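A look at the structure
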Amino acid sequence: MRAATPVIASFTLSLLAATAFGGPAAAETTTLRMTWYSDGNEGEVMADLLKRFHEQNKDIEIVLDQVPFKAINETLPVQLASGQGPDMARVVDMGGLSRFALDMRPFLKDPGYWETNFGPFLEWMRPAGDTKSIPGFMTQLTVTGPFVNKTLFEQAGVAMPGEKSTWEDWAKAAKQVADKVQAPFPLALDRSGHRFYALAVSQGTQVFGANGEPDVVDGGFKRAAQLVYDWHKSGVMSKELWGSVSGTAYRGANDEFKNAQVVMYLSGSWQISQFAKTVGDAFDWVAVPNPCGLGGCSSMPGGAGLVAFKTTQHPKEVARVMDYLASEPVLAEFYSRSLFVPGHLGLAKKGLDYPTASPEAAAALKVFTASAAQISPIAYRIQGYSNSRIVLNAVISRLGQAVSGETTLEDAYKRITADVAQQIAERNKK
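Our subject in this report is the structure included herewith. Note that the coordinates shown come from a computational prediction; the quantities given were computed from them, not determined experimentally. (Residues numbered from 1 in each chain as written. Predicted model: local features only at pLDDT ≥ 70, side-chain atom pairs only at ≥ 80, totals over all residues. Heavy atoms only, no water.)

1. Some words on unusual backbone geometry
Where we set the bar: Relative accessibility decides the category of a residue: with a 1.4 Å probe and only protein chains considered, values under 20% of the type maximum give buried, values over 50% give exposed, and everything between is partly exposed. A run of H or I in DSSP counts as a helix once it spans at least four residues, and a run of E counts as a strand once it spans at least two, with each numbered from the N terminus.
A positive phi is found at V207, a non-glycine position, where the angle reads about 70°. Since its relative accessible area comes to 1%, V207 is described here as buried. The backbone of L339 shows a phi angle near 60°, a positive value even though the residue is not glycine. Along the polypeptide, L339 turns up in the loop between α13 (328-338) and α14 (345-350).

2. Quick word on the pattern of salt bridges
This is how the line gets drawn: For this document, the term salt bridge refers to a Lys or Arg side-chain nitrogen within 4 Å of an Asp or Glu carboxyl oxygen.
Following the criterion strictly, the structure yields 16 salt bridges and no others. Here K258 and D255 are joined by a salt bridge, their closest N and O atoms 3.4 Å apart. Here K258 pairs with D255, and both are found in helix α10 (residues 254-258), just 3 residues apart, close to one helical turn. Residue K258 is classed as partly exposed on the basis of its relative accessible area of 28%.

3. Regarding helix α4 (residues 111-125)
To keep things clear, this is the line we draw: Residue count minus one, scaled by 1.5 Å, sets the expected span of a helix. Working definition for bend: take the seven residues up to and ending at a residue and the seven starting at it, fit an axis to each, and measure the angle between the axes. Contact criterion: two residues are considered in contact whenever any of their non-hydrogen atoms come within 4.5 Å of each other.
Taking 1.5 Å as the rise per residue, α4 with 15 residues should run 21 Å; its terminal C-alpha atoms sit only 15 Å apart, a clear shortfall. Of all the bends in α4, the greatest, near 90°, is centred on F118, and the proline P120 appears no more than four residues after it. Against the buried residues of α4 lie β4 (136-149), β8 (301-308), α12 (315-326), α13, α14 and α16 (377-384).

4. A look at the pairing of β8
With 8 of its 8 residues buried, β8 lies for the most part within the structure. Along β8, one buried face is formed by P301, G303, G305 and V307 and the opposite face, lined by G302, A304, L306 and A308, is buried too.

5. So, the side chain of T35
Within the secondary structure, T35 sits in strand β1 (residues 30-36). Residue classification places T35 among the buried residues on the basis of a relative accessible area of 9%. When near neighbours in sequence (up to four residues on either side) are disregarded, T35 contacts D65, V67, I72, P86, M88, A89 and R90.

6. Notes on the packing of helix α8 (residues 219-234) against helix α17 (residues 388-403)
To describe two helices that pack against each other, one gives the angle between their axes and the distance between the axes. Stated precisely, the cut-off is as follows: The axes are straight lines fitted to the C-alpha atoms, using for helices just the contacting stretch, and the angles between their N-to-C directions are given from 0 to 180°. Each angle gets one of four labels, with under 35 degrees taken as roughly parallel, over 145 as roughly antiparallel, 65 to 115 as roughly perpendicular, and the rest as oblique. The sense of a crossing depends on the near helix, which, turned anticlockwise from the far helix by less than a right angle, makes the crossing left-handed and, turned clockwise, makes it right-handed. Note that Gly is not counted as nonpolar here; it falls among the polar residues with everything else outside the nonpolar set of Ala, Val, Leu, Ile, Met, Phe, Trp, Tyr, Cys and Pro and the charged set of Asp, Glu, Lys and Arg.
Two numbers describe how α8 lies on α17: the axes approach to 10 Å, and their chain directions differ by 40°. Of the possible angle classes, the one that applies to α8 and α17 is oblique. Pair α8 / α17 crosses with right-handed handedness. Side by side, α8 and α17 meet where F221, A225, V228, Y229 and H232 of the first sit next to V395, L399, A402 and V403 of the second. Of the residues belonging to the contact of α8 with α17, the class tally is 8 nonpolar, 1 polar and no charged.

7. Overview of the packing of aromatic side chains
For clarity, the cut-off: Note on ring pairs: Phe, Tyr and Trp rings are taken, using the six-membered ring of Trp, and paired if centres are within 6.5 Å. Classes follow the plane angle, with under 30 degrees stacked, over 60 edge-to-face and the rest tilted. Working rule: Lys NZ or Arg CZ, within 6 Å of ring centre, within 35 degrees of ring normal, means a charge sits over the ring.
The full count for this structure, using the stated rule, is 28 aromatic pairs. Judged by centre distance (5.2 Å) and plane angle (55°), the rings of F53 and Y324 are tilted. Remark: Y324 occurs in helix α12 and F53 occurs in helix α2 (residues 42-56); sequence separation between them is 271 residues. By relative accessible area, Y324 is classed as buried at 14%. Feature note: the residues F147, F257, Y265, F275, F283, W285 and F368 constitute an aromatic cluster, connected by ring pairs. Here the basic side chain of R90 rests over the ring of W36, its NZ or CZ set 4.8 Å away from the ring centre. If you follow R90 out to its NZ or CZ, it ends over the ring of Y37, 4.4 Å from the centre.

8. A closer look at the packing of α2 against α12
Between α2 and α12, the shortest axis-to-axis distance is 11 Å and the interhelical angle comes to 120°. As far as their axial angle goes, α12 and α2 are oblique. Here α2 and α12 pass one another in a crossing that is right-handed. Contacts from M46, L49, L50, R52, F53 and Q56 in α2 reach R320, V321, Y324 and L325 in α12. Of the residues assigned to the contact of α2 with α12, the class counts are 7 nonpolar, 1 polar and 2 charged.

Shown next as structure tokens:
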């Protein structure tokens, strides 16, 4: 113990000297918290990038809190409403959380760079009526679309429907394959309002009435809902997925697909990295263009944005972190390593290399990138709508009840309309 005394004395003298001359003993460190969820390996990539940032900016420490997707949808909004949220978070309900978002514009090095490269997506993050704020950037642009187990089609001797085929064509083919190879899930569709709208937009739903307010249950919506209802009754879709949860709960079919139990899985581009890793060479899988209906062949756009929140005590430091992560070389590395479709206009125009992508993943990225160019304006409108989460939650909750036999489709339609009107009215009172 005695040997340590001179070191302590030396440290104390240094501290006193620094105080005497009016300088700090050491640079003060600002700690920021970032809440993050992952579909694939993007959490690992982000942790690596944040470590690199800290090495270059010793005065800022970022704690990366990795949480399940459910926590982003259910826990984070409650935290933000109580003023207890993180400094930054990766979110999907950008419109719904826009009232909590920080406008980083005054603190950014070059707001023009953000406007040029993230312009259309900034509209998804801004509160209604706001045309100027810069709350965050897209960690990825996502595009919904189907993954198909090509090996099962080959084993069954069934031809895969071609481009521009309808949803009915694919459902029929998937059921034929499943029957022949004894696969329990002919067609799986994420239990998600967003994923349902990939079907509904293709069936011609317009979502909004002439007055600009939601008019959810129109002809196109009913066509899509009837398909899902009928598919569950005929065995094209299994109640084991949608029926295993209730309310607004999300349920995917990732595990079932990777275990070769699903013939066709409607999900989206965010799954590419995961399937490249979890499926490996167990079977051949492909992404295919979105099937068509009376409303066209549109996918649903989406994605996750890394958004800053105005409850932060350190807006300047948050902006420094965001400037670094959103810079072209850093973001290009993030997209490339995560196998994401870029949500950065400059990088999308230049094109990205994906050196770590397997042949299946590279081919899937090409399909989803092509699908992104064919997205309907209605799909973009519902995604950017500030009350989209209210609509999506009401739809999946009530449609889920109909599928499970708790109510009829007609009753579900009435309840969806009532839920949306009531919840929007309640939000507007706040």
